[in-house]
Amino acid sequence: MRTFLVLSVAMLVPTGAWAQEDTQELRLLKPAARQGFYVAGGLRNGALTISDENLGGLGFMTGFGFAARGGQMANDWIGFGLAINAGGGGNDVWGGGWGALSLELMLTPLPGEDFAIRGSVGVGGMGVARAKPEEETEKDPSGTAGALYTLGVSYDLFPWYEKDKYESGGFAFTGFLEGMLLPGDGLIAGGVMIGLEVTYWFGFNKNKLDIPPEAY
């Protein structure tokens, strides 16, 4: 846990998206919507399955969840952040829920575009119980803790962003699709989630951007 916290702080320290190429020259960036620090939050739903070492598979479950995210684009193609997410699901026999604090990595394979690949690893916990308490047995699982892994893709839609005004940052609606895996002690959960988030990118000041003088 100590290592996780140290890495969390280190990854969120500003890495100088407008970092100097050398000690004398400042590298300016082209203005774009996905720049600077970001905060986001939204809902998700999907399907997951849980397997117990004693009872085997507990069946597919449909569920929902939410997430809150924040971080910074280090430059025009890589970003780091933290994510807090939680959710739950169930079927006719079982119900379960999870929560996690994760480190997030975000890659933009085409700099300047709004498509991203994002993944995370974090500390998570999961609990399960029968939908009908009277059917509980001594062999039933109750819960576990472990690492939560996610990997997926996202796209930011900026409905109010105007490129010809040389703006940086703004509001976005972020759609995403991601897979998740939580392997715990005696329980393993995996699933696919899809959802929508509202994201705000704080952007950079104009003096850190490569824009013509008349845009000031």
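Only a predicted model underlies this, so the values are computations on that prediction, with no experimental measurement involved. (Residues numbered from 1 in each chain as written. Predicted model: local features only at pLDDT ≥ 70, side-chain atom pairs only at ≥ 80, totals over all residues. Heavy atoms only, no water.)

A.B. asks: Help me understand the packing of aromatic side chains, please; the structure alone is not making it clear to me.
C.D. replies: Ring pairs (aromatic) are described by centroid distance and by the angle formed between their planes. Inspection of every chain in the model, using the stated rule, returns 5 aromatic pairs. Centroid distance Tyr38 to Trp201: 4.9 Å. Interplanar angle 45°. Geometry classified as tilted. With Tyr38 in strand 1 (residues 37–52) and Trp201 in strand 8 (residues 187–201), the pair connects residues that are 163 residues apart, well separated along the chain. Judged on exposure class, the residue Tyr38 and its partner Trp201 are both buried. Of the aromatic side chains, those joined through ring pairs into one cluster are Phe171, Tyr200 and Phe202. (Phe/Tyr/Trp six-rings, centres within 6.5 Å; stacked < 30°, edge-to-face > 60°. Helix = DSSP H or I, 4+ residues; strand = E, 2+ residues; numbered from the N terminus. Buried < 20%, exposed > 50% of the residue type's maximum accessible area, 1.4 Å probe, protein only.)

A.B. asks: What is the right way to read the nonpolar core from this model?
C.D. replies: Grouped burial of nonpolar side chains is what soluble globular proteins tend to show. One finds Ile50, Met61, Trp98, Met126 and Leu182 to be the most contacted residues of the largest nonpolar core, which totals 15 residues. Residue assignment for this core shows that the elements contributing at least two residues are strand 1, strand 2 (56–73), strand 4 (94–107), strand 5 (115–130), strand 7 (170–183) and strand 8. If you look at the next biggest cluster of nonpolar residues, it comprises 9 residues, including Met73, Phe158, Tyr161 and Trp201. (Core = buried A, V, L, I, M, F, W, Y, C linked by side-chain atoms within 4.5 Å.)

A.B. asks: Teacher, can you tell me more about the pairing of strand 6 (residues 143–157) here?
C.D. replies: Regular strands have side chains that alternate between both faces of the sheet. Of the pairings in the sheet, the one linking strand 5 to strand 6 comprises 13 bridges and is antiparallel in character. Each residue of the ladder has a partner; that of Ser120, found in strand 6, is Thr150. The pairing of strand 6 with strand 7 spans 9 bridges and is antiparallel. Note on strand 7: the bridge partner recorded for Ser154 is Phe176. (Pairing = 2+ DSSP bridges.)

A.B. asks: What am I meant to see in the confidence of the model for the protein here?
C.D. replies: The predicted coordinates of low-pLDDT regions are not to be read in fine detail. Model confidence for the protein is summarised by a mean pLDDT of 84, while 86% of its residues fall at 70 or above. Strand 7 holds the highest mean pLDDT among the elements of the protein, 95, whereas helix 1 (residues 2–12) holds the lowest, 46. Per-residue pLDDT stays below 50 along residues 2–7; that stretch engages in 7 contacts with residues further than four places along the chain or on separate chains. Residue range residues 9–25 is modelled with pLDDT below 50. Its contacts to residues more than four positions away, or to other chains, number 30 contacts. (pLDDT = per-residue confidence, 0-100. Contact = heavy atoms within 4.5 Å.)

A.B. asks: Explain the pattern of salt bridges here, please?
C.D. replies: Oppositely charged side chains can form a pair if their charged atoms are brought close together. Taken as a whole, this structure holds 8 salt bridges when the rule is applied. The salt bridge partner of Glu197 is Arg44, with a shortest N-O separation of 3.3 Å. On the criterion of sequence distance, the pair formed by Glu197 in strand 8 and Arg44 in strand 1 is long-range, its members being 153 residues apart. As a salt-bridge pair, Arg69 and Glu104 come within 2.9 Å of each other at their nearest N and O atoms. In this pair, Arg69 is assigned in strand 2 and Glu104 in strand 4, connecting sequence segments 35 residues apart. Overall, the relative accessible area of 5% leaves Glu104 in the buried class. (Salt bridge = Lys/Arg side-chain N within 4 Å of Asp/Glu carboxyl O.)

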